[in-house]
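Architecture and fold: a report
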Amino acid sequence: MPRSPRPRNLSDPRLLAFEILQRVEQGAYADLALDDVLRRRGVSDPRDRGLLTKLVYGVLRKRGRLDYVLARHCRQPLGKLETKVLQILRLGAYQVLELERIPPSAAVNTSVNLARQVGLQRASGFINGVLRGLLRGLPQLVWPDERKNPLDHLQHACSLPRWLAKRWLAVYGAETAIRLAVAQLQPAPLSLRCNTLKVSREELLADLERRGIAARACRFAAEGVVLDDRRGLEVLPADWFQVQDEASMLVAPLLGVRSGETILDCCAAPGGKTTHLAALGDNRLAITALDLHPQRVELIRAGARRLGCAGIEACVRDMTQSADFPAPAGFDRVLVDAPCSGLGVLRHNPETRWRRKPESLGELSALQGAILGRAAELLKPGGVLVYSVCTVTEEETGQVLEGFLAAHPQFVLEDLREVMPQWAELCDRQGCLSTWPRHPFLDGFFAARLRRRI
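The name given to the protein in an unreviewed UniProt entry is 16S rRNA (cytosine(967)-C(5))-methyltransferase, with Geothermobacter hydrogeniphilus as the source organism. Recorded under Subcellular location (unreviewed entry), the UniProt text for the protein is reproduced unchanged: "Cytoplasm".

Below you can see the structure in the form of structure tokens.
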């Protein structure tokens, strides 16, 4: 008789990681799925939470590396394997290759046990054989040489999809592309934007120091703090900070808001930049924050309430359609933080590298251009429009900007090296913010500041 599935240990980090990876495979976002599982399953042991997080993000970041090794010890192409079997193999391979604290034999045994827990007893022998073959082959493992074959090195050692590896090689050259790809394999630093409506950065850092929690000021963002200890999230008052990457914190200041102005934030959810604008305006701005989805609009409202931000009206609107506002050209400043490929935030959303296809960039570029064109109609003469995306592909940055300026001669591109001289090293030759490739420790962001002629 076939063996019965083993009883599930519902708090087992490997089982939970498997379930999350399956959800991501079906379209879920890793961070949201992880938060949901941690909340519903009540994983309270910090060691279990830490291992779960490492497994999920590690497998997603390093899937290319894992598949390269697994393919050498698998009798059939990985693409023909059942998805669940492949996920278990990746989890096992990740523990063997990347987690020194877990004995290799334990990584194999727990993978076999996991297969039995999820009803894959028939595949347990296969999984055991592949992983034990991987263990035997480790001494002979050689990655593609980064000098002789940089493309294969980027794909297999640095875990980039081949199309993206080709693109980065063409744009940056081998040395810089590899340096950038290696940086994206690392977890992103935990950075906070100090909510200056409640506390100064100096006060926040001093409070953390008194509590014995290591933290430091961000290099570029004036309100930014890097936490070296996640306990800081638990001990700081909730209205003192917003979790936000440093590169993201650079966008709102580009608008140069002034007290009493009207501001439009076109693609505002989840609201990090919206609340940053409110703080920069000392709660003396009238901010209209838009998003396409009602549930995401509620995120903006919730964030504004938590941080004590006033003057924010959040509402649902499709910015690809004609803007129906009572006063056309009625806003002093407009922010278009447009939907994009997200290829600049691979540290935070590692599943993105496997979901995006080169053909999607043209579709996104058209969407971004449409939103930017609608937003331009709502800006007063003499007003400032900032276009930003968390990516650096030419289709979504330079091409969108070039197309917009050609169609809107009443707008002029301003040089951010003059507007924000303290960030000059982050700017490209046109004077647009472009954090990559010189600063791979930041997320990859692009931003352009445009002014409407009077």
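A few words on unusual backbone geometry. The linkage connecting Ala269 with the following residue, Pro270, adopts the cis geometry, with an omega of 5 degrees. Structurally, Pro270 can be placed in the loop between strand E5 (262-265) and helix H14 (272-280). The phi torsion at Ser159 lies on the positive side, around 60 degrees, for a residue other than glycine. The class for Ser159 is buried, based on a relative accessible area of 0%. The phi angle at Asp282 is positive, at roughly 55 degrees, despite the residue not being glycine. Looking at the secondary structure, you find Asp282 in the loop between H14 and strand E6 (286-291). Taking the relative accessible area as the measure of exposure, Asp282 reaches 44% and is therefore partly exposed.

Following the UniProt record, the feature "binding site: S-adenosyl-L-methionine" (unreviewed entry) maps to Cys267, Ala268, Ala269, Pro270, Gly271, Gly272, Lys273, Asp291, Asp318 and Asp337 here. Along the chain, Cys267 falls in the loop between E5 and H14. Owing to a relative accessible area of 14%, Cys267 belongs among the buried residues under this scheme. What Cys267 contacts, discounting residues up to four positions off in sequence, is Leu290, Asp291, Asp337, Ala338, Pro339 and Ile371. Among the secondary structure elements, Gly271 is positioned in the loop between E5 and H14.

Below, the discussion takes up the domain arrangement of the protein. Per the domain assignment, the segments making up the protein are domain 1 (13-140), domain 2 (150-185), domain 3 (190-243) and domain 4 (246-452). A C-alpha centroid distance of 37 Å is found between domain 1 and domain 4. When residues of domain 1 are sorted by the area they lose upon contact with domain 4, Leu60, Arg61 and Arg63 head the list and together hold 55% of the total. Counting across the domain 1 and domain 4 interface gives zero salt bridges. Counting the contacts that link domain 1 with domain 4 gives six residue pairs in polar contact (both at pLDDT 80 or more). Among the elements of the structure, helix H2 (30-41), helix H3 (46-61) and helix H4 (63-71) are those that each provide at least two residues to the side of domain 1 that touches domain 4. Looking at side-chain class alone, the side of domain 1 that touches domain 4 contains six nonpolar, two polar and three charged residues.

Parameters and conventions
Numbers given to residues run from 1 along each chain, matching the order in which its sequence is written. Since the coordinates come from a predicted model, pLDDT governs what is reported: local features require at least 70, and pairs of side-chain atoms require 80 or more to be given and counted, while whole-chain, interface and lining totals use all residues. In computing side-chain values, all of the structure's heavy atoms are included and hydrogens and water are not. UniProt positions are given in the numbering used here, feature names are shortened, and annotations may be inferred rather than shown by experiment. For helices the rule is a DSSP run of H or I covering at least 4 residues; for strands it is a run of E covering at least 2, with both sets numbered from the N terminus onward. Note on classification: 1.4 Å probe, protein chains only; a residue is buried when its accessible area is under 20% of the maximum for its type, exposed when over 50%, partly exposed between these limits. In this description, contact between two residues means that some pair of their heavy atoms is separated by no more than 4.5 Å. Residue ranges assigned to the domains are those given by an automatic or database domain assignment. Two parts lose some accessible area (1.4 Å probe) when they are put together, and adding that loss for both gives the buried area. Within this document, salt bridges are pairs made up of a side-chain nitrogen of Lys or Arg and a carboxyl oxygen of Asp or Glu, the two lying within 4 Å of each other. Between N or O atoms, a polar contact is any pair within 3.5 Å; within protein, one atom must be a potential hydrogen donor and the other a potential acceptor, and residues adjacent in sequence are included only when both atoms are from side chains. Polar here means any residue other than Ala, Val, Leu, Ile, Met, Phe, Trp, Tyr, Cys and Pro, which are nonpolar, and Asp, Glu, Lys and Arg, which are charged; Gly is therefore polar.

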